[in-house]
Amino acid sequence: MHEASPTPPPSPAATSPAAPAEPLSHGLKQRHLTMLGLGGVIGAGLFVGSGAGIAVAGPAIVVSYLIAGALAMLVMRMLGEMSAAMPASGSFSVHAERALGRWAGFSVGWLYWFLLVVVLAVEATAAAQIAHGWVPGVEPWAWVLLFMVVFTVANLTAVKNFGEFEFWFASLKVGAIVVFLVLGGLAVFGLLPDTDPVGMANLTGQGGFLPNGWSGVVSGVLTVVFAFGGLEVVTIAAAETDDPARAVGRAVRSAVVRILFFYVGSMLVIVTVLPWTAQQAGLSPYVKVLDAIGVPSAGQIMNIVVFVALLSALNANLYGSSRMIFSLAERGEAPRGLLKVSRKPGAEGSSGQPGGVPRRAVLASVAFGFVSVLLNLLWPDTVFLYMLNSVGAVLLFVWALIAASQLRLRARLEQEAPDALALRMWWFPYLTWVTLAGLLGVLLLMLTDDAARPQVLWSAGATALVLLVAVGRERRDRKGSRERAALPDR
């Protein structure tokens, strides 16, 4: 183990587009990044949570997914532009600091880290409940412990282990959706044994395509928009590839369109094969469709897919949180002790194992993850519920800061390093402003929704607290700089 060279507090030069060299390993390959982009957002939110969206929007859930997916795609395009030009392990936290100041980088970095380690507890607990159903003799807490230990070890050894886990997890999820789309498409046209063509009856019956009007579509957007969270990890991981600029550009280009196709295509199959009134919140619409077309053991098959999706998200969140807090430490916004990374091959005193892994950052993230899991197991309806609500809308705040950062950095890059803009945001700056307006609209609509309002209020409170700390730190540093400047030369 060795300690990375200390990084001084950001200076004006630190806001330039040039990115410093990363001390982390470059063990991720293009296939890892591509599959991470494809599989990173295909999780339990799609396989199970989509039922709640169908229940409120009906067949028009397809439109809800189009709107939410377009919003996520625009954010990813902006993030891809900045990450291709300035790859860094802290991704949008680094971009926010360079564009808006230290307060922004500090705030978005810590908020995103907190979001990941809290959601990690939900994923670990949900996966443990599925495993407990398969092996009732093993208590859920034991499964949680096993999952956390396995993925901690995987993230401590080498980044390529994380990449391999995610590659195969994502391959299974993508494969499951492709098979579902094929079977569903055959069922729609009556090409499966003992099936008749479905036609468009389920899209136009039971109240029509818009059974709850456009208000149902809006409610559907509020329900499904958070299912697209997780794409951001692609740009964090890009810093650990051999060619970050090229890797993130290819990953973003391939991921956003295909993910939109998987989400919207799945919803279109579901509401075409079965009446939307057959769906209900909490039950997987995928299971209902597979049961309806005669796939044996559909429930158990989907349980396996959801289980893998949860473990995949747990692995990705542990990785993303460790790299984010490491980046914060690099910039002096987190404890400096987190800067230690494992030695790289050939380094003096090296044991010969792959290096460049921020092990203390991994352990810090998993430690808080264990605390979150414990709170979820002991007080799921009180303490942990408040924590979960406090990060419920943080993703939208993060996306808004990404858009604001891109507005500032794009102009700077065009002046100082136009060749670095290998991936450009479409119709800049108009679509960036449209994205910001859309995110604000979603937040305002959440305030009018009784179920979503607590998430916005608690998340706003958590964000305000982090902003106060960030502003306080900045004022303290400025005061210290003035006092040092006032001292007489010796």
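Small disclaimer: the values here were computed from a predicted structure and weren't measured. (Residues numbered from 1 in each chain as written. Predicted model: local features only at pLDDT ≥ 70, side-chain atom pairs only at ≥ 80, totals over all residues. Heavy atoms only, no water.)

### A look at the overall build of the protein chain
Consideration 1: A tally of helices and strands in the protein chain yields 19 helices and two strands.
Consideration 2: Considering the protein chain as a whole, with its 490 residues, one finds that 54% of them fall into the buried category.
Consideration 3: Across the protein chain, every contact between residues at least 6 apart in sequence was considered, and the portion connecting residues at least 24 apart equals 79%.
Consideration 4: Carbon and sulfur atoms make up 66% of the accessible area of the protein chain, which amounts to about 20,200 Å² in all. (Helix = DSSP H or I, 4+ residues; strand = E, 2+ residues; numbered from the N terminus. Buried < 20%, exposed > 50% of the residue type's maximum accessible area, 1.4 Å probe, protein only. Contact = heavy atoms within 4.5 Å. Areas by Shrake-Rupley, 256 points an atom, 1.4 Å probe, with all protein chains shown as cover.)

### As for the packing of aromatic side chains
Consideration 1: Considering all chains together, one arrives at 19 aromatic pairs under this definition.
Consideration 2: For the ring pair phenylalanine 47 and tyrosine 286, a centre distance of 5.3 Å and an interplane angle of 70 degrees mean the geometry is edge-to-face. Of this pair, phenylalanine 47 sits in helix H2 (residues 44-47) while tyrosine 286 sits in helix H13 (residues 285-292), and the two are 239 residues apart along the sequence.
Consideration 3: Taking relative accessible area as the criterion, phenylalanine 47 reaches 1% and is therefore assigned buried.
Consideration 4: Seen from their ring centres, phenylalanine 114 and phenylalanine 368 are 6.0 Å apart, and the 70 degrees between their planes marks the pair as edge-to-face. Of the two residues, phenylalanine 114 is situated in helix H6 (residues 102-134) and phenylalanine 368 in helix H15 (residues 359-378); the sequence distance between them amounts to 254 residues.
Consideration 5: The structure contains a cluster of three or more aromatic residues connected by ring pairs, namely Phe106, Trp110, Trp113, Phe114 and Phe368. (Phe/Tyr/Trp six-rings, centres within 6.5 Å; stacked < 30°, edge-to-face > 60°.)

### As for the environment of phenylalanine 169
Consideration 1: Residue placement: phenylalanine 169 occurs in helix H8 (residues 159-188).
Consideration 2: Look at phenylalanine 169 and you get buried, because its relative accessible area is 14%.
Consideration 3: Taking C-alpha positions, phenylalanine 169 is 8.8 Å from methionine 35, a pair spaced 134 residues apart along the chain.
Consideration 4: Setting aside chain neighbours within four positions, we find phenylalanine 169 in contact with Phe151, Val308, Leu311 and Ser312.

### A short note on the environment of phenylalanine 307
Consideration 1: Here phenylalanine 307 is to be found in helix H14 (residues 298-330).
Consideration 2: Separated by 178 residues in sequence, phenylalanine 307 and glutamine 129 place their C-alpha atoms 9.5 Å apart.
Consideration 3: In this structure phenylalanine 307 touches Ala127, Ile130, Ala131, Trp134 and Phe147, once residues within four positions along its chain are discounted.

### Overview of the pattern of salt bridges
Consideration 1: Tallied over the full model, the rule gives nine salt bridges.
Consideration 2: Its salt-bridge partner being arginine 31, residue glutamate 164 comes within 2.4 Å of it at the nearest N-O pair. Taken together, the positions of glutamate 164 in helix H8 and arginine 31 in helix H1 (residues 30-39) put the pair 133 residues apart, joining distant regions of the chain.
Consideration 3: Residue classification places glutamate 164 among the partly exposed positions, given a relative accessible area of 26%.
Consideration 4: Exposure remark for arginine 31: the relative accessible area of 35% places this residue in the partly exposed category.
Consideration 5: For glutamate 414, the salt bridge identified is with arginine 410, shortest N-O distance 2.9 Å. (Salt bridge = Lys/Arg side-chain N within 4 Å of Asp/Glu carboxyl O.)

### Things to note about unusual backbone geometry
Consideration 1: A cis geometry characterises the amide bond from phenylalanine 428 onward to proline 429, with omega recorded as 0 degrees.
Consideration 2: Structurally, proline 429 can be placed in the loop between helix H17 (394-416) and helix H18 (430-447).
Consideration 3: Even without glycine at this site, serine 297 takes up a positive phi of about 55 degrees.

### A look at H14
Consideration 1: End to end, H14 covers 48 Å across 33 residues, agreeing with the expected 48 Å (1.5 Å per residue, within 8%).
Consideration 2: Of all 33 residues making up H14, 27 are buried, and the element is well covered by its neighbours.
Consideration 3: Note on H14: the residue one or two positions beyond its end, glycine 332, has a positive phi of about 75 degrees. (Expected span 1.5 Å × (residues − 1).)

### Some remarks on the packing of H13 against H14
Consideration 1: Direction vectors running N to C along H13 and H14 enclose 145 degrees, while the axes themselves pass 9 Å from each other. Remark: the crossing between H13 and H14 carries right-handed chirality. Between H13 and H14, the residues in contact are Tyr286, Val287, Leu290 and Asp291 and Ala298, Gly299 and Met302, respectively.
Consideration 2: Looking at side-chain class alone, the contact of H13 with H14 contains five nonpolar, one polar and one charged residues. (Axes fitted to C-alpha atoms, helices over the stretch in contact; angles between N-to-C directions. Left-handed = near helix turned anticlockwise from the far one by under 90°. Nonpolar A, V, L, I, M, F, W, Y, C, P; charged D, E, K, R; others polar.)

### Here we look at the side chain of serine 312
Consideration 1: Of note, serine 312 is situated in helix H14.
Consideration 2: Setting aside anything within four residues of it in sequence, one finds serine 312 in contact with Glu166, Phe169 and Lys173.

### Brief notes about the packing of helix H5 (residues 92-100) against H17
Consideration 1: At a minimum axis distance of 8 Å, the contact between H5 and H17 shows a crossing angle of 55 degrees. Considering the angle they form, H5 stands oblique to H17. H5 and H17 meet at a crossing whose hand is left-handed. In contact with Phe92, His95, Ala96, Arg98, Ala99 and Leu100 of H5, H17 contributes Val398, Leu401, Ile402, Ala404, Ser405, Arg408, Leu409 and Arg412.
Consideration 2: Of the residues contributing to the contact of H5 with H17, the split by class is nine nonpolar, two polar and three charged. (Parallel < 35°, antiparallel > 145°, perpendicular 65-115°, else oblique.)

### Comments concerning helix H10 (residues 213-224)
Consideration 1: Taking 1.5 Å of rise per residue, 12 residues should cover 16 Å, and H10 covers 17 Å from first to last C-alpha, within 8% of that figure.
Consideration 2: Inspection of H10 places Gly216, Val217, Gly220, Val221, Leu222 and Val224 among the buried residues, and these make up the whole buried set.
Consideration 3: Those residues of H10 that are buried lie in contact with helix H3 (50-57), helix H4 (61-85) and H18.

### Notes on the confidence of the model for the protein chain
Consideration 1: Residue-level pLDDT values for the protein chain average 82, and 89% of them are 70 or greater.
Consideration 2: For the protein chain, per-element mean pLDDT is lowest for strand E1 (residues 2-3), which scores 37, and highest for H18, which scores 93.
Consideration 3: The model gives residues 1-20 a pLDDT under 50, and that stretch makes 34 contacts with residues more than four places away or in other chains.
Consideration 4: Contacts from residues 346-353, a stretch scored under 50 in pLDDT, to residues over four places away or in other chains number eight contacts. (pLDDT = per-residue confidence, 0-100.)

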